[in-house]
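This is what each chain is made of:
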Amino acid sequence: MSPAAKTIPSRRQTPQHPPDAAAKVLRRFRVVFNSVKTHFRAVERTSGISGAQVWALSVVHAQPGIGVNELARAMDVHQSTASNLVRALQEAGMVVSEREGEDRRAVQLHATPRGRKALAQAPGPFEGVLPGALRQLDDRTLARLDRDLASLIRLLGPQASGRNVPLGARED
């Protein structure tokens with residue numbers, strides 16, 4: 001038997017479902033992804049910065065003096081992601097960092113007038129449309145969605161990553 005003719009047996013059986021069921025779910029994913037993408041494109045077009053940067057800026061504006069670690073927690077992103085967002089906002093002149101108070105090692109973040117102007121121009125919600133939609137689901141539906149997506153992520157394998165990367169982040 002040639003190597004090309006060999007098949008590697010799968011440990012898990014492929015579930016049998018109607019042929020169009022997977023295509024229907026895929027279409028629903030496209031609707032979700034395209035809704036998110038459309039929102040963040042509008043945010044970027046009107047504010048001049050990425051959706052993730054607008055979200056970070058909105059948190060800084062709402063909580064003047066917030067630190068980078070607190071920003072990361074508020075956005076549910078890794079600290080290095082929050083640092084990168086802050087750096088880009090500082091370079092754009094939308095956020096300043098200051099060392100205030102007793103602990104001079106800690107940096108406090110503040111939105112600048114330019115940052116506040118960008119926020120005023122950006123369409124909401126600043127965190128994106130998906131988090132708000134998820135919050136509107138009842139607890140039972142949200143728990144089922146969480147379990148089902150966890151199953152899908154397991155099937156995607158090792159290339160499934162990015163759990164702490166905001167959806168509106170620019171891909172560089």
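**Topic: the overall build of the chain**
Right, on to step 1. Within the chain, the regular secondary structure consists of seven helices and two strands.
Right, on to step 2. Of all 172 residues assigned to the chain, the portion counted as buried reaches 27%.
Right, on to step 3. In the form shown here, the chain has an accessible surface area of approximately 12400 Å², with 54% of it arising from carbon and sulfur atoms.

**A short note on the confidence of the model for the chain**
Right, on to step 1. The pLDDT averaged across the chain works out to 84; a share of 80% of its residues lies at or above 70.
Right, on to step 2. When mean pLDDT is compared element by element in the chain, strand E2 (residues 108-111) scores highest at 96, while helix H1 (residues 21-47) scores lowest at 91.
Right, on to step 3. For residues 1-10, every residue scores under 50 in pLDDT, and the model assigns this stretch one contact once sequence neighbours within four places are set aside.

**Brief notes about the pattern of salt bridges**
Right, on to step 1. Following the criterion strictly, the structure yields two salt bridges and no others.
Right, on to step 2. When the shortest N-O distance is used, the salt bridge between Glu70 and Arg73 registers 3.8 Å. Of this pair, Glu70 and Arg73 both sit in helix H3 (residues 68-75), three residues apart, roughly one helical turn.
Right, on to step 3. Among the salt bridges present, the one from Arg135 reaches Glu127, with a minimum N-O distance of 2.2 Å.
Right, on to step 4. We classify Arg135 as exposed; its relative accessible area is 56%.

**Examining the nonpolar core**
Right, on to step 1. Counting residues in each nonpolar core, the largest one holds 26 residues, and the members touching the most others are Leu57, Leu71, Met75, Leu89 and Leu109.
Right, on to step 2. Looking at this core, the elements with two or more residues in it are helix H2 (51-62), H3, helix H4 (79-91), E2 and helix H5 (113-121).
Right, on to step 3. Sort the elements by how many residues they give to this core and H2 lands first, with seven residues.
Right, on to step 4. For Leu57, the residues in contact, after removing those within four places along its chain, are Ile49, Leu89, Met94, Val95, Ala111, Gly115, Ala118 and Leu119.

**Here's the deal with the packing of H3 against H4**
Right, on to step 1. Following both chains from N to C, one finds H3 and H4 inclined at 110 degrees, their axes separated by 8 Å at the closest point. By the angle class used here, H3 and H4 are roughly perpendicular. Contacts between H3 and H4 pair Val68, Asn69, Leu71, Ala72 and Met75 from the former with Gln79, Ala82, Ser83, Leu85 and Val86 from the latter.
Right, on to step 2. A breakdown of the residues in the contact of H3 with H4 according to their chemical character gives seven nonpolar, three polar and no charged.

**Points about helix H7 (residues 139-156)**
Right, on to step 1. Look at H7: 26 Å from first C-alpha to last across 18 residues, which is about the 26 Å you get at 1.5 Å a residue.
Right, on to step 2. Just past H7, the residue Gly157 takes up positive phi, approximately 80 degrees.

**Some details on the packing of H2 against H5**
Right, on to step 1. Where H2 contacts H5, the two axes come as close as 10 Å, and the packing angle between them is 120 degrees. Along this stretch, H2 crosses H5, giving a crossing that reads as left-handed. For the pair formed by H2 and H5, the contact residues are Val54, Leu57, Ser58 and His61 on the first element and Gly115, Arg116, Ala118 and Leu119 on the second.
Right, on to step 2. Of the residues contributing to the contact of H2 with H5, the split by class is four nonpolar, three polar and one charged.

**Observations regarding H5**
Right, on to step 1. Of the residues making up H5, those classed as buried are Gly115, Ala118 and Leu119. The buried residues of H5 occupy an angular sector of 100 degrees when projected down its axis, which confines them to one face. Exposed side chains of H5 directed beyond 90 degrees from the buried face belong to Pro113, Arg114, Lys117 and Ala120.
Right, on to step 2. Its buried side turned inward, H5 meets H1 and H2.

The rules behind each value
Residues numbered from 1 in each chain as written. Predicted model: local features only at pLDDT ≥ 70, side-chain atom pairs only at ≥ 80, totals over all residues. Heavy atoms only, no water. Helix = DSSP H or I, 4+ residues; strand = E, 2+ residues; numbered from the N terminus. Buried < 20%, exposed > 50% of the residue type's maximum accessible area, 1.4 Å probe, protein only. Areas by Shrake-Rupley, 256 points an atom, 1.4 Å probe, with all protein chains shown as cover. pLDDT = per-residue confidence, 0-100. Contact = heavy atoms within 4.5 Å. Salt bridge = Lys/Arg side-chain N within 4 Å of Asp/Glu carboxyl O. Core = buried A, V, L, I, M, F, W, Y, C linked by side-chain atoms within 4.5 Å. Axes fitted to C-alpha atoms, helices over the stretch in contact; angles between N-to-C directions. Parallel < 35°, antiparallel > 145°, perpendicular 65-115°, else oblique. Nonpolar A, V, L, I, M, F, W, Y, C, P; charged D, E, K, R; others polar. Expected span 1.5 Å × (residues − 1). Left-handed = near helix turned anticlockwise from the far one by under 90°. Arc of directions from axis to C-beta.

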